[in-house]
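If you want the building blocks of each chain, they are given just below.
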Amino acid sequence: MSGRWVLHVDLDEFLAAVEVLRHPELAGRPVVVGGRGDPTERAVVATASYAAREHGIRSGMPLRTAAKRCPDVVFLPADNPAYEAVSAQVMDVLRGLDGVVVEVMGWDEAFLGVQTDDVAAFARHVQEAVHAATGLRSTVGIGDNLLRAKIATGFGKPRGVFVLTAQNWMEVMGHRPTRALWGIGVRTERTLAERGLRTVADLAAADPAALAADLGPAMGPHFVQLGRGIGREHVDPTPWVPRSHGRETTFQTDLGDWDAVRGEVAALARRVAGEIAAGGTGAGGISGAGRPARRVGVTVRFVPFTTRTRSATLPGPTTDPDALAAAALEVLERFPSRRAVRLLGVRAEF
DNA sequence: TCTGGGGTCCTAGGACCC
DNA sequence: TCTGGGGTCCTAGGACCC
């Protein structure tokens, strides 16, 4: 076979693997990275090593629960700058491959566009290049578009290679629940099931116009396309331009004093202003240095877990900390409740 | 399972304007 | 004056992903 291919490269147990690289004695042990590494705190699992997953530990699970599932798990604090640095190294390796176009999707994954006669051999070559340069293992999904390549990765985990194209799409995916599709979560799965659409094959055979009426003019037909495995075919290497930047904090103890709430919102706003003025977060920074905010949004999670957002367009674009803090405080005043708060967030939109 | 933090995109209703 | 239609912006919320 020859022609253009899409590869989805996904690093295995990325955060845990980075920690094992610098703590080799942890190899093979149940390792959980998340929060400040303290399982008594309000925090969740960012990444669990495969050994930890054998005990039923999963991403998004409270650290406290992980500790109950496996008492001898090693908890480590998330060290985002370290992961960003390793990620940048991996992306450089990918960009250095001959004849590839790279679209970065996150710290631990990227799409590659390539023309080759032996795509399976090329995938192995990618895995070896990443491992040689960084010591990290990866899985490669191969497809005739980004959707199929991304889904293929799931069948290749860990360390494997899997091919998913129009040829084997229905054979591999047709009988699976719609949730197996990238872009369909629990809610949409349920909504579709209420309409009798339970499997990927059901969805593929559905009438796009009927779903448009039920699920929205864009999303309805889009879901049918997902069921058919149809998606974007060209990998786009254009650097990402962020649409927004924000910070949020969950308090270890609920905040009942609204003077304190105002103080926290102002502090978050100043921090966000500083970061967007500097051009982003972390070692490498993000593109769009110094771009001013046009809108500001405030998130309040009330006790126990009800989350509300308010936002406002700023009088003029700004990166000024005082202006952003003042605007965020005005938005905060528009929340009708003064109940105790568990989380606060401030987000700047460009 | 008492539930993080960083994002993106879509939808719908109302305001507002011509 | 009892009432159209289109376009765009603003805002809140939902859903999803890593």
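Sequence order as written defines residue numbering, which begins from 1 separately in each chain. Chains carry letters and ligands carry numbers; both start at the beginning, A for chains and 1 for ligands, and go up in the order they are written. Residue-level local features of this predicted model are given only where pLDDT is at least 70; pairs of side-chain atoms are given and counted only at 80 or more, and the full residue set underlies all totals for whole chains, interfaces and linings. The side-chain values count all of the structure's non-hydrogen atoms but skip hydrogen atoms and water molecules.

Identification of chain A as DNA polymerase IV from Pseudonocardia oceani is taken from an unreviewed UniProt entry. UniProt positions are given in the numbering used here, feature names are shortened, and annotations may be inferred rather than shown by experiment. Comment text from UniProt for chain A, heading Catalytic activity (unreviewed entry), reads "DNA(n) + a 2'-deoxyribonucleoside 5'-triphosphate = DNA(n+1) + diphosphate".

Let us now look at the protein's contact with DNA strand C. Note on definitions. A residue lies near a molecule or strand when any single heavy atom of the residue is within 4 Å of it. Taken together, 20 residues form the shell around DNA strand C, and within it Lys150, Gly183, Thr188, Arg295 and Ser311 come nearest. When atoms of DNA strand C within 4 Å of the protein are split into backbone and base, the sugar-phosphate part holds 100%. Asp108 places a polar side-chain atom, nitrogen or oxygen, 3.0 Å from a sugar or linking oxygen of DNA strand C. One of the side-chain nitrogen or oxygen atoms of Trp182 is found 3.2 Å away from a sugar or linking oxygen of DNA strand C. Looking at the surface near DNA strand C, the elements with two or more residues in it are helix H8 (186-194) and strand S11 (306-318). Sort the elements by how many residues they give to the surface near DNA strand C and S11 lands first, with six residues. Polar contacts here mean pairs of N or O atoms no more than 3.5 Å apart (in protein, one a potential hydrogen donor and the other a potential acceptor; neighbouring residues in sequence count only if both atoms are side-chain atoms). By the criteria applied, helices consist of DSSP H or I runs no shorter than four residues and strands consist of E runs no shorter than two, each listed in order from the N terminus.

All right, on to the side chain of Ser337 then. The residue Ser337 is located in the loop between helix H13 (321-333) and strand S12 (341-349) in this model. Buried residues are those whose accessible area, probed at 1.4 Å on protein chains only, stays under 20% of the maximum for their type, while exposed residues exceed 50% and partly exposed ones sit between those limits. The buried category is assigned to Ser337, whose relative accessible area is 16%. Side-chain polar atoms of Ser337 contact the backbone nitrogen of Arg339, separated by 3.0 Å. Contacts are assigned to residue pairs with any non-hydrogen atoms lying within 4.5 Å of each other. Other than its neighbours up to four places away in sequence, Ser337 contacts Trp258 and Phe302.

A few words now on the protein's contact with DNA strand B. Neighbouring DNA strand B are 24 residues; Arg243, Ser244, His245, Glu248 and Thr250 lie closest to it. Taking the atoms of DNA strand B that fall within 4 Å of the protein, sugar and phosphate contribute 71% of them. Here a sugar or linking oxygen of DNA strand B and a side-chain polar atom of Thr65 are 3.5 Å apart. Take Arg342: an N or O atom from its side chain is 3.1 Å from a phosphate oxygen of DNA strand B. Every element with two or more residues in the surface near DNA strand B is listed here: helix H3 (63-69), strand S9 (244-255) and S12. The element best represented in the surface near DNA strand B is S9, accounting for seven residues. In this classification, the charged set is Asp, Glu, Lys and Arg, the nonpolar set is Ala, Val, Leu, Ile, Met, Phe, Trp, Tyr, Cys and Pro, and all remaining amino acids, among them Gly, are polar. Within the surface near DNA strand B, the residues separate by chemical class into nine nonpolar, seven polar and eight charged.

Inspection of the secondary structure puts Lys150 in helix H6 (residues 146-156). Within the structure, the side chain of Lys150 is placed 3.0 Å from the side chain of Glu109, a separation counted as a polar contact. The residues contacting Lys150, other than those within four sequence positions of it, are His8, Glu109, Phe111 and Trp182.

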